[in-house]
Amino acid sequence: MSETTLTPATLYIVATPIGNLGDISQRAIDILTQVDVIACEDTRHTGKLLSAFSIKNKTMSLHDHNERQRQDQIATMLQEGKTIALVSDAGTPLISDPGFHIVRHCRSLGLNVSPIPGACAAISALSVAGLPTDRFSFEGFLPSKSGARQVTLTALANEPRTMVFYDAPRRAIDTVRDIVATLGGERYIVIAREITKTFETIHSDTAENFLAWLEQDANQLKGEMVLIIEGYKAVEGEISAEVVNTLKLLLAEMKPKTACAIAAEIYGVKKNALYEVALSMKS
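Residues numbered from 1 in each chain as written. Predicted model: local features only at pLDDT ≥ 70, side-chain atom pairs only at ≥ 80, totals over all residues. Heavy atoms only, no water.

## Here's the deal with the packing of helix α9 (residues 241–251) against helix α10 (residues 256–267)
Here is step 1 of the chain: Closest axis-to-axis distance for the α9/α10 pair is 9 Å, and the angle between their directions is 145°. Here α9 and α10 pass one another in a crossing that is right-handed. Of α10, the residues touching α9 (which contributes Glu242, Val243, Thr246, Leu247, Leu250 and Leu251) are Pro256, Ala259, Cys260, Ile262, Ala263 and Tyr267.
Here is step 2 of the chain: For the contact of α9 with α10, a count of residues per class yields ten nonpolar, one polar and one charged. (Axes fitted to C-alpha atoms, helices over the stretch in contact; angles between N-to-C directions. Helix = DSSP H or I, 4+ residues; strand = E, 2+ residues; numbered from the N terminus. Left-handed = near helix turned anticlockwise from the far one by under 90°. Contact = heavy atoms within 4.5 Å. Nonpolar A, V, L, I, M, F, W, Y, C, P; charged D, E, K, R; others polar.)

So this is what it looks like as structure tokens:
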């Protein structure tokens with residue numbers, strides 16, 4: 001295999017392992033070895049990765065608190081023809097990790113930004129979850145407080161796509177309790193914990209059964225975790241909350257027959273079913 005040749009004046013977005021070091025690509029190693037500087041979320045953490053592959057290269061910190069301050073410095077270096085690699089602590093940068101502001105700034109200046117694909121915890125977990133993958137949404141980290149978490153989950157109650165979240169295992173019991181409270185105990189979920197590491201665990205069940213399983217095994221409350229929730233499955237003939245809310249707004253402005261006809265046209269719902277809802281509201 002030939003060594004990767006770098007393109008001058010390029011920012012490389014380099015995916016790194018999420019656990020098992022064997023998951024790094026040869027191309028990623030080549031890039032990290034040859035670039036002028038490596039921008040790291042945590043230089044000490046990345047230093048261990050570089051040491052494992054005998055990579056001796058200059059690093060600079062780039063994290064949530066200094067990203068905006070670094071963007072002009074990085075852009076200037078690229079304009080001078082230098083090459084830079086951006087890495088996060090693990091996985092693909094920018095996926096719930098720093099880097100968005102840097103990439104957007106560089107692209108706005110017409111600078112070259114190139115991906116070096118590799119591990120991503122969300123995609124790795126989704127690939128083994130056994131839930132539909134033709135359509136899914138990545139929702140990032142759930143709020144740490146129960147109240148805010150329930151608000152987030154409630155807003156997604158009618159989301160038909162498979163939903164992928166990051167969450168801390170220490171909060172897993174509380175999170176699953178909130179899922180039961182907002183989405184129902186029968187909603188199917190999957191937790192992928194410590195992916196590619198020694199204690200990798202991928203477990204799936206209804207939220208209610210999952211809660212009992214977590215409460216019986218404290219070991220499942222450690223490490224890194226991806227939470228995947230089955231999308232909402234509408235019951236045939238069921239009228240969603242979104243349709244009902246729209247109908248309410250229309251009824252405030254027009255006669256029930258007209259409101260039902262418009263709502264039926266928008267959502268593809270039978271007018272007779274909507275008319276019954278309208279009558280119940282009126283009564």
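This is not the end of the story, as more comes after the structure.
## Digging into the nonpolar core
Here is step 1 of the chain: Counting 20 residues, the largest nonpolar core has Phe165, Ile179, Ile189, Leu227 and Ile229 as its most contacted members.
Here is step 2 of the chain: Counting only elements with at least two residues in this core, the list comes to β7 (162–167), α7 (172–183), β8 (188–193), α8 (207–216) and β10 (225–229).
Here is step 3 of the chain: Ranked by residues supplied to this core, first place goes to α7 with five residues.
Here is step 4 of the chain: Ignoring sequence-local partners within four residues, the contact set of Phe165 consists of Glu139, Gly140, Leu142, Leu153, Leu156, Met225, Val226, Leu227 and Ile229. (Core = buried A, V, L, I, M, F, W, Y, C linked by side-chain atoms within 4.5 Å. Buried < 20%, exposed > 50% of the residue type's maximum accessible area, 1.4 Å probe, protein only.)

## Comments concerning helix α1 (residues 26–34)
Here is step 1 of the chain: Of all the residues in α1, the buried ones are Ala28, Ile29, Asp30, Ile31 and Leu32.
Here is step 2 of the chain: On the buried face of α1, the contacting elements are β1 (10–14), β2 (37–40), α2 (43–52), β4 (84–87) and β5 (112–116).

## Topic: unusual backbone geometry
Here is step 1 of the chain: Notably, Ser54 is not glycine yet its phi reads approximately 55°, a positive angle.
Here is step 2 of the chain: Note on placement: Ser54 falls in the loop between α2 and β3 (59–61).
Here is step 3 of the chain: Unusually for a residue other than glycine, Glu194 sits at a positive phi of about 55°.
Here is step 4 of the chain: Structurally, Glu194 can be placed in the loop between β8 and β9 (201–206).

## Quick word on the state of the cysteines
Here is step 1 of the chain: Counted by the stated rule, this structure contains zero disulfides.
Here is step 2 of the chain: Counting only cysteine sulfurs, Cys106 is the nearest neighbor of Cys40, a cysteine outside any disulfide, at a range of 16 Å.
Here is step 3 of the chain: No disulfide involves Cys120; its nearest neighbouring cysteine sulfur is the one of Cys40, lying 19 Å away.
Here is step 4 of the chain: For Cys120, a relative accessible area of 12% puts it in the buried group. (Disulfide = S-S within 2.5 Å.)

## Some details on the UniProt feature "domain: RsmI HTH" (unreviewed entry) in the protein chain
Here is step 1 of the chain: Taken from the UniProt record, the annotation "domain: RsmI HTH" (unreviewed entry) applies to residues 238–282.
Here is step 2 of the chain: Helix makes up 78% of residues 238–282 and strand 0%, whereas the separation of the span's terminal C-alpha atoms amounts to 20 Å. (UniProt positions renumbered as here; feature names shortened; annotations may be inferred.)

## A look at the packing of aromatic side chains
Here is step 1 of the chain: The final tally for this structure, using the stated rule, is three aromatic pairs.
Here is step 2 of the chain: Centroid distance Phe138 to Tyr166: 5.1 Å. Interplanar angle 70°. Geometry classified as edge-to-face. You can see Phe138 sitting in strand β6 (residues 136–141) and its partner Tyr166 sitting in strand β7, a full 28 residues away along the chain.
Here is step 3 of the chain: Phe138 sits in the partly exposed class, given a relative accessible area of 33%.
Here is step 4 of the chain: By relative accessible area, which is 10% here, Tyr166 ends up buried.
Here is step 5 of the chain: A centroid spacing of 5.4 Å and a plane angle of 90° characterise the contact between Phe210 and Trp213, whose relative ring orientation is edge-to-face. A residue pair is termed a helical-turn pair when its members lie 3 or 4 positions apart in one helix, as Phe210 and Trp213 do in helix α8 at three residues. (Phe/Tyr/Trp six-rings, centres within 6.5 Å; stacked < 30°, edge-to-face > 60°.)

## Focus on the side chain of Glu159
Here is step 1 of the chain: Examined against the element boundaries, Glu159 turns out to sit in the loop between α6 (146–155) and β7.
Here is step 2 of the chain: Classification of Glu159 by relative accessible area gives buried; the value is 14%.
Here is step 3 of the chain: Setting aside residues no more than four positions away along its own chain, Glu159 makes contact with Ser137, Gly231 and Tyr232.

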